[in-house]
Amino acid sequence: MIRFLRKYGRHHRHVLATTLQQLARAPLASLMTVAAIGITLALPTGLYVVIDNLQRMSQGWDTGGQISLFMKRDAAESSIEKLAERVRRMRAVARVDYISRGQALAEFKQLSGFGEALNVLDRNPLPALLVVHPTPGQNPEALQALLRDLRGNDLVETAQLDVDWVRRLHALLALAERAVWSLGALLALAVLLTIGNTIRLAVLNRRDEIEVMKLMGGTDTFIRRPFLYAGVLHGLLGAAVTWVILAVTQLFLSGPIASLAASYGNELRVEGLSVAGSGVLLTAGALLGWLGSRLAVGRHLRAIEPS
Amino acid sequence: MIEFNHVFKRYPGEYDALKNVSFKIERGEMVFVTGHSGAGKTTLLKLISLIERPTRGQAVVNGKNLGKLAVRRVPYFRRDLGIVFQNYKLLFDRSVYDNVALPLLVTGVESREVGKRVRAALDKVGLLPKERLNPIVLSGGEQQRVGIARAIVHRPSLLLADEPTGNVDIVLAEEILDLFLDFNHHGVTVLIATHDQRLITRARKRMLVLKHGEIAHDSPSAAGTPQ
């Protein structure tokens, strides 16, 4: 068993060395294939990173979905306070801010700059307001139920839940994510074909060698192995090129992103591909390389028989 | 070692390349297969090396029934064979050494052992000083000898050669024949397809004469050939 493993390991080392030599012997052709794979993979991976960032940013907005309860103007302050106390004790509610009519007016005067104009009015036109912050992480249905519940109260004139646009954004992002996956699948197929074609040419180029090896008693597994190695290597290097393309793009965009972030009070933090993501990318590249060469070699190896 | 019983080989849409061929070659024998071109010499070698399969009849080589051997067993069957090709079939993308090492690589021989065996084989054919060269710079006779070294480096029990002297002059032909005689002397069964009468005369070994796909004559060793 140990002897077998040693023989196996020795053979694989040898194959890897020959594969690298062959890659180095035709550097331009290999480089072009690797670049083509890298660019093909860069598109879905880049889109994935963009969507991932958007999703992460919008996560914060989701929990901010708050319910504004505008009180009837004739509601007594004491009963509003009682209501606030009751709402505060509801399980789905994290916090309730009470803004009395007086506070609302003061705030409005300060923020709008219409202070003088408002003094003309003989009475306060603004209603009292309860701002209800639901406990984070609730699904839209639960929020809707909470909204219905609060709207039913006699003191409440109108109740507003401002999460519709967040929900639409999320739906849009989910759609985009799905689209990226289908695009990714399509481009993975393109990578498969690229590698398949490269390996097909390699097989045809080494027709004589394959024929001689078959005559010397080389098994299909043995003959196939260097081509599989080449496929995996091409896929892996292609994925590495993708990684570099993304890193360079992120660097290139970092200036504009930073100024955009500054305008949002630095809440914006753009992240590139994570370590795990990079691992998935490289693994996917290697797997596509293996599969592409396996399909190409299997077909063409059978066609080459000594005569 | 080789036993043919009423073997036929018909190529698709063609005549019978071999018709009702029966013969037996013992282990350790050396036999020449001769006949006019198109008589079936090459087909016979192709059957023995499992490049082709018999259409009818039973052919047994090295204890294996050639008609029934599974495709995946073919590589292992061929490892007991050494084949010398008329057109050498050398690979020009590697050195003489690497060409000769190929059969050992295929069977996974240890690298230290590979070096020893390859050099022994090259020494045998007198090409040890040229191991680092690319075979493309060698003469035809030298290329043929590289092919022979490659055919014997894995110590096959059966050596097949198709017109091994087809492209070399008489002096080289005799050198090559001496090599085959020497391998045979060391116990290797040797089967040579040739129409080079000088070789057959000189070797004084058994001769199978093929004519239009049939065995016309089977002369035992040292007989039937003029001295």
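### Notes on the environment of B:His185
All names here are of chain B.
Next up, step 1: By secondary structure assignment, the location of His185 is in helix α6 (residues 170-185).
Next up, step 2: On the accessibility criterion, His185 (68% relative accessible area) is exposed.
Next up, step 3: Taking the C-alpha atoms as reference points, His185 and Gly28, 157 residues apart in sequence, are found 8.1 Å from one another.

### Observations regarding the domain arrangement of chain A
Next up, step 1: Domains assigned within chain A are domain 1 (9-61 + 167-303) and domain 2 (66-162).
Next up, step 2: Domain 1 of chain A and domain 2 of chain A are separated by 54 Å when their C-alpha centres are compared.

### Re the interface of chain A and chain B
Next up, step 1: Each partner contributes residues to the interface: chain A has 18 residues there, and chain B has 22 residues.
Next up, step 2: Both faces combined, the contact of chain A with chain B buries some 1800 Å², and carbon together with sulfur accounts for 63% of it.
Next up, step 3: If you sort the residues of chain A by the area they bury against chain B, A:Arg10, A:Leu215 and A:Met216 come out on top, with a joint share of 34%.
Next up, step 4: Between chain A and chain B we count 2 salt bridges in total.
Next up, step 5: A salt bridge links B:Lys89 to A:Glu211; the shortest N-O distance between them is 3.0 Å.
Next up, step 6: Elements that contribute at least two residues to the side of chain A that touches chain B include exactly α1 (2-25) and α8 (207-215) of chain A.
Next up, step 7: Among the elements that line the side of chain A that touches chain B, the one with the most residues is α8(A), at 7 residues.
Next up, step 8: Class assignment of the residues belonging to the side of chain A that touches chain B gives a composition of 6 nonpolar, 5 polar and 7 charged.

### Some thoughts on empty space enclosed by the protein
Next up, step 1: Tallying each qualifying case throughout the model produces 1 cavity of 30 Å³ or more.
Next up, step 2: Volume-wise, the largest cavity comes out at about 40 Å³.
Next up, step 3: Lining of the largest cavity is provided by A:Leu215, A:Met216, B:Leu81, B:Gly82, B:Ile83, B:Arg150, B:Ala151 and B:His154.
Next up, step 4: Put simply, the parts of the chain that give the lining of the largest cavity at least two residues each are β6 (81-84) and α5 (140-152) of chain B.
Next up, step 5: For the lining of the largest cavity, the element with the most residues is β6(B), which contributes 3 residues.
Next up, step 6: Each residue belonging to the lining of the largest cavity can be placed in one class, and the counts come to 5 nonpolar, 2 polar and 1 charged.

### Considerations on the pattern of salt bridges
Next up, step 1: Taken as a whole, this structure holds 21 salt bridges over all chains when the rule is applied.
Next up, step 2: Notably, a salt bridge pairs A:Arg95 with A:Asp97, separated by 3.1 Å at the nearest N-O pair.
Next up, step 3: Exposure remark for A:Arg95: the relative accessible area of 44% places this residue in the partly exposed category.
Next up, step 4: Ionic pairing is found between B:Glu174 and B:Arg202, a salt bridge with its closest N-O pair at 3.7 Å.

### Concerning α5(B)
Next up, step 1: With 13 residues, α5(B) should reach 18 Å at 1.5 Å per residue; the first-to-last C-alpha distance of 19 Å fits that figure.
Next up, step 2: Extensive coverage of α5(B) is indicated by the burial of 12 of its 13 residues.
Next up, step 3: Of the surrounding secondary structure, the elements contacted by the buried residues of α5(B) are α8 of chain A together with β6, α3 (96-107), α4 (111-124), β7 (158-162) and α6 of chain B.

### Topic: the nonpolar core
Inside soluble globular proteins, nonpolar side chains tend to come together where they are buried.
Next up, step 1: Counting 59 residues, the largest nonpolar core has B:Ile2, B:Phe4, B:Ile48 and B:Leu191 as its most contacted members.
Next up, step 2: Top element by residues in this core is helix α7 (residues 164-205) of chain A. It accounts for 6 residues.
Next up, step 3: When residues no more than four places from it in sequence are discounted, the contact partners of B:Ile48 are B:Ile2, B:Phe4, B:Val61, B:Leu66, B:Phe77, B:Leu81, B:Leu158, B:Leu160 and B:Leu191.
Next up, step 4: Of all hydrophobic cores here, the second largest spans 41 residues; its members include B:Tyr88, B:Tyr97, B:Leu122 and B:Phe183.

Rules of the game
Sequence order as written defines the numbering, with residues in each chain counted from 1. In the order they appear in the text, chains get letters beginning with A and ligands get numbers beginning with 1. In keeping with the model being predicted, local features are shown solely for residues with a pLDDT of at least 70 and side-chain atom pairs are shown and tallied solely at 80 or more, while totals for entire chains, interfaces and linings include all residues. Only heavy atoms go into the side-chain values, all of them from the structure, while hydrogens and water stay out. Only runs of H or I of at least four residues qualify as helices and only runs of E of at least two qualify as strands under DSSP, and these elements are numbered from the N terminus. Exposure is judged per residue with a 1.4 Å probe applied to protein chains only, and the accessible area is read against the type maximum: over 50% gives exposed, under 20% gives buried, and values in between give partly exposed. Either an automatic procedure or a domain database provided the assignment from which the domain bounds are taken. Whether two residues touch is decided by their heavy atoms; if any such pair falls within 4.5 Å, the residues are in contact. In this description, buried area is defined as the sum, over both parts, of the accessible area (probe of 1.4 Å) that is lost when the two are combined. In the sections that follow, a salt bridge refers to a side-chain nitrogen of Lys or Arg positioned within 4 Å of a carboxyl oxygen of Asp or Glu. Following the grouping adopted for this structure description, the nonpolar residues are Ala, Val, Leu, Ile, Met, Phe, Trp, Tyr, Cys and Pro, the charged ones are Asp, Glu, Lys and Arg, and the polar ones are all others, Gly among them. Whether a set of points on the 1 Å grid over the protein atoms alone is a cavity depends on a 1.4 Å probe fitting there but being unable to get out, while an open set qualifies as a pocket with protein on both sides within 12 Å along at least five of seven lines; lining residues are those with an atom within 4 Å of a point. Grid points are joined across faces, edges and corners, and a volume is the space filled by probe spheres set on the points. A helix is expected to reach a length of 1.5 Å times the quantity of its residues less one. Residues belong to a common nonpolar core when they are buried Ala, Val, Leu, Ile, Met, Phe, Trp, Tyr or Cys residues joined through side-chain atoms within 4.5 Å.

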